[in-house]
Amino acid sequence: MRVLALDTSTAAVQAALVDLDDDELFLTSFRREIDARGHVEKLAPFIEGCLAEAGRTVKDVDAVVSGVGPGPFTGLRVGMVTAAAFADGAGIPVYGVCSLDGIGANTRGRALAATDARRKEIYWAVYEDGVREGEPQVCKPSELPDTRADYAIGEGASKYADELPMDAEATAIYPDLVKLVELAAPRLLAGAPSEQLTPLYLRRPDAQPAAGNPAPSA
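On a predicted model such as this, the values are computed, not experimentally measured, just so you know.

**Topic: the pairing of strand 4 (residues 63-67)**
Part 1 of the argument: Among the five residues that make up strand 4, five are buried, leaving the element largely enclosed by the rest of the structure.
Part 2 of the argument: Side chains Ala63, Val65 and Gly67 of strand 4 all project onto a buried face; the interleaved residues Val64 and Ser66 project onto the opposite face, where all are buried too.
Part 3 of the argument: Of the pairings in the sheet, the one linking strand 1 (residues 2-7) to strand 4 comprises four bridges and is parallel in character. Residue pairing in the sheet places Val3 in a bridge with Ala63 of strand 4.
Part 4 of the argument: Inspection of the sheet shows strand 4 paired to strand 5 (residues 94-97) by four bridges, in the parallel sense. Bridge pairing in strand 5 links Val65 to Tyr95.
Part 5 of the argument: What joins strand 4 to strand 5 is helix 2 (residues 73-90), and the crossover it makes is right-handed.

Listed below in structure tokens is the structure:
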């Protein structure tokens, strides 16, 4: 099974083709660029580049897996809309996975996975040997409850390393697309129906309608 994996929940614009063979996963092609404002311009070319590098076409993709956040409104929306549109056009299923799990599910011990939420805040969740405890949250690093985490990992932990117990050897700064596919694998292999992707925004978007000007209906 060939899977297109996407994530735009962080400053990293990411796309990959991952082959899923029973319980084994193989990264076939991969694109990533750190550009917090480049999701719209870069994601579609990244998908095309991954397909070209692998010598495949849209017809060779069996499913799509998308990170669903938490993440800033605009960037996260780009990835999820693209994933849903690709799956719809190709007539294949799409599945959503919490983007923080693409970081935290690779950890050992008690870890805090954190990404940059802007506004001097982080999106975060705690993992015990790779298993998330509770739902993702958002707050300022200084307002974190006592998580009893041994270390912090991720883009947010790196940005606020002076306030969080950053793992000095950590390399998992952004969601791992292969891990996202692995987490979706039970649904993929079971042939589960396509999902309605639901974004984990955790708060309202930065852009708000001016006073007296209601937001347009969807």
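**Brief notes about the UniProt feature "domain: Gcp-like" (unreviewed entry) in the protein chain**
Part 1 of the argument: Per the UniProt record, the feature "domain: Gcp-like" (unreviewed entry) sits at residues 34-144.
Part 2 of the argument: Across residues 34-144, helical content stands at 34% and strand content at 32%; the span's end C-alpha atoms are separated by 26 Å.

**Brief notes about the packing of aromatic side chains**
Part 1 of the argument: Inspection of every chain in the model, using the stated rule, returns one aromatic pair.
Part 2 of the argument: Summarising the aromatic geometry, the rings of Phe73 and Tyr201 are spaced 4.8 Å apart at their centres and angled 35° between planes, so their arrangement reads as tilted. Of the two residues, Phe73 sits in helix 2 while Tyr201 sits in the segment after helix 5 (177-190), which places them 128 residues apart along the sequence.
Part 3 of the argument: Residue Phe73 is classed as partly exposed on the basis of its relative accessible area, which comes to 30%.

**Thoughts on the sheet that holds strand 8 (residues 131-139)**
Part 1 of the argument: Here four strands make up an open sheet; going across it, the order is 8-7-6-9 and the pairing mixed. In this open sheet, the two strands that pair with only one neighbour each are strand 8 and strand 9 (151-153). Recorded for the sheet is a direction-independent mean angle of 25° between the axes of neighbouring strands.
Part 2 of the argument: Alignment of strand 6 (residues 110-118) against strand 9, held across three bridges, turns out to be parallel. Bridging across to strand 9, Leu112 finds its partner in Ala152.

Quick notes on the rules
- Residues numbered from 1 in each chain as written.
- Predicted model: local features only at pLDDT ≥ 70, side-chain atom pairs only at ≥ 80, totals over all residues.
- Heavy atoms only, no water.
- Buried < 20%, exposed > 50% of the residue type's maximum accessible area, 1.4 Å probe, protein only.
- Helix = DSSP H or I, 4+ residues; strand = E, 2+ residues; numbered from the N terminus.
- Pairing = 2+ DSSP bridges.
- Right-handed = clockwise from strand over helix to strand, strands pointing away.
- UniProt positions renumbered as here; feature names shortened; annotations may be inferred.
- Phe/Tyr/Trp six-rings, centres within 6.5 Å; stacked < 30°, edge-to-face > 60°.
- Axes fitted to C-alpha atoms, helices over the stretch in contact; angles between N-to-C directions.

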